[in-house]
Amino acid sequence: MIEIRKVQTTNGHRIDHFIQSSESKIVEAERLMLFPALIDPHVHFRVPGAEHKENWETAARAAVAGGVTTVFDMPNNKPSCITAQRLTEKIRLIEEQLLKAKIPLRYYLYLGADQNHLDEIPKVKDRIIGLKIYMGSSTGDLLMNSAPALEKAFRIAGENNVLVTVHAEDEELIRANTLHYTGKTGPETHSIVRNAQVAVRAVDQAIELAQKYKTRLYIAHVSTREELQLIREAKKNGLPVYAEATPHHLFLNSSAYKTLGTCALVNPPLRSEQDNEALWEAIHDETIDTIGTDHAPHTLEEKKQPYGSAPSGLPSIELYFALLLNAYHEKKLSLEEIISLTHTRPREIFNLPLIDDVVLVDMEKKRTIDDKHLKTKVHWSPYAGRTLKGWPRYTILKGQIFDLEKL
């Protein structure tokens with residue numbers, strides 16, 4: 001049994017909290033606050049095929065450092081996770097790496113939608129968290145921009161009660177805009193090529209298909225005011241449509257290209273300050289259900305290539321909680337909203353079992369983000385140099401205590 005003494009709850013009470021464990025331990029927590037451990041519903045841990053960027057040993061350490069004990073890993077691997085056989089092999093690799101890390105991270109996996117393997121969906125429906133559809137091109141080779149194939153994927157998912165998560169960007173518009181802006185070499189071009197209309201058109205199509213085939217729909221990394229309006233309307237109409245925001249679309253915007261250059265590239269791209277504000281409004285009115293980091297590490301050498309060659313994606317899982325806690329101190333959101341976005345709503349949407357993992361937080365601790373102290377294998381962050389207030393101190397996962405000052 002783990003006894004956490006005199007820990008503060010988010011409603012201001014002091015309690016002794018107990019967690020089942022094979023070992024008997026006591027944590028003196030008088031200066032700390034108790035939170036349910038975070039769920040990150042959107043990560044790219046790069047196994048198999050891109051272990052030079054991340055693996056489950058380094059990623060699990062980064063997750064726990066950020067107060068995260070449950071993750072949903074995406075299927076755009078090398079090779080992509082599109083069959084039952086590849087899913088089995090991916091699980092074997094993950095288990096080997098977590099055993100080596102000695103971190104029993106909880107995880108769920110997506111199957112990737114591929115137009116030649118949609119018959120795999122019923123075979124694995126009880127082994128996956130959902131079906132991931134890339135409506136626009138991104139890292140990997142899982143693009144699904146064929147209208148008949150999209151229809152079939154939504155239909156099969158609906159028939160098998162499999163939730164569909166979409167990367168909602170319209171590939172036809174991306175290609176047209178890419179041709180139109182050929183010759184532009186600045187990284188800010190990314191936000192022009194993949195403009196708001198690119199996202200809006202895809203979100204509109206996804207909602208239409210979800211309604212047609214009675215499919216539960218989760219829209220990843222929503223980034224624009226216009227998308228939010230479509231999602232609000234769908235929710236008002238009673239459709240099972242859910243929306244995710246990312247830290248980078250909340251805490252960064254297109255002005256970051258000036259300082260970060262190609263290191264700011266991400267799909268969908270960084271937006272305007274007005275879109276930042278729209279996302280915060282959507283959190284408060286519950287249009288946004290969850291926050292997923294879209295933790296997508298690339299090495300600095302890769303990211304610093306010229307625009308057109310540099311890959312899109314940002315690492316952020318271990319800063320996920322600290323960024324939100326700092327936002328609480330800045331009065332941008334409440335503790336109750338943090339818990340809902342990072343734990344309650346993901347568990348409800350994805351029908352996860354109750355768990356007793358917790359995070360103990362030093363709400364007054366201030367720390368400046370330093371790349372060299374990061375646990376992710378790529379050792380860089382777009383938030384480097386920011387001073388944040390409120391940091392996880394202990395993460396307790398499956399009855400195991402991780403002292404984050406010694407991790």
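Coordinates for the structure precede this section.
None of these values were measured; they are calculated from a predicted model.

So what's going on with the pairing of strand β13 (residues 358–368)? Which residues, and what values?
Looking down a regular strand, the side chains alternate between one sheet face and the other. Taken together, the four bridges between strand β4 (residues 33–36) and β13 define a ladder with antiparallel strand orientation. Counted as the bridge partner of phenylalanine 35 is valine 359 from β13. Pairing between β13 and strand β14 (residues 387–397): eight bridges, direction antiparallel. Bridge pairing in β14 places lysine 366 opposite lysine 389.

Describe the side chain of histidine 298, listing the residues and the values that go with them.
Checked against the element boundaries, histidine 298 lands in the loop between β12 (290–291) and α12 (300–303). Taking the relative accessible area as the measure of exposure, histidine 298 reaches 1% and is therefore buried.

Outline unusual backbone geometry, listing residues and values.
Cis geometry is found at the peptide bond from lysine 78 to proline 79, where omega equals 5°. You can see proline 79 is positioned in the loop between β6 (68–73) and α2 (84–101). Cis peptide bonds are those with omega within 30 degrees of zero, and the linkage from asparagine 267 to proline 268 qualifies with -10°. Mapping proline 268 onto the fold places it in the loop between α10 (257–260) and α11 (273–284). With a phi angle near 55°, lysine 6 is a residue other than glycine that sits in the positive phi range. Its place among the elements puts lysine 6 in strand β1 (residues 2–8). In this structure lysine 6 comes out as partly exposed when scored by relative accessible area, which is 48%. The backbone of arginine 46 sits at a positive phi, close to 70°, despite the residue not being glycine. Looking at where arginine 46 falls in the secondary structure, it is placed in the loop between β5 (38–43) and α1 (56–65).

I'd like a rundown of helix α4 (residues 147–159), residues and numbers included.
For α4, built from 13 residues, the straight-helix expectation of 18 Å at 1.5 Å per residue is met to within 8% by its first-to-last C-alpha distance of 18 Å. Here α4 has its buried residues at Ala149, Leu150, Ala153, Phe154, Ile156 and Ala157. One side of α4 carries all its buried residues, which in axial view fall inside an arc of 165°. Relative to its buried face, α4 has exposed residues pointing more than 90 degrees away, namely Pro148 and Glu159.

Let's hear about the nonpolar core: which residues, and what values?
Counting 109 residues, the largest nonpolar core has Ile133 and Phe154 as its most contacted members. With 14 residues, the next largest nonpolar core counts Met74, Tyr218, Tyr242 and Leu352 among its residues.

Rules and cut-offs
- Note on numbering: residues in each chain are counted from 1, in written sequence order.
- Residues qualify for local features only when their pLDDT is at least 70, as the model is predicted, and side-chain atom pairs are given and counted only at 80 or more; totals for whole chains, interfaces and linings, by contrast, use all residues.
- As a convention, hydrogens and water are excluded, and side-chain values are obtained from all of the structure's heavy atoms.
- Two strands qualify as a pair provided that DSSP identifies no fewer than 2 bridges between them.
- Helix numbering and strand numbering both begin at the N terminus, where a helix is a DSSP run of H or I of at least 4 residues and a strand a DSSP run of E of at least 2.
- We call a residue buried when its accessible area falls under 20% of the maximum for its residue type, exposed when it is over 50%, and partly exposed in between, using a 1.4 Å probe and counting protein chains only.
- Multiplying one less than the number of residues by 1.5 Å gives the expected span of a helix.
- The directions considered for the arc run from the helix axis to the C-beta atoms.
- What makes a nonpolar core is a set of buried Ala, Val, Leu, Ile, Met, Phe, Trp, Tyr and Cys residues whose side-chain atoms join them at distances within 4.5 Å.

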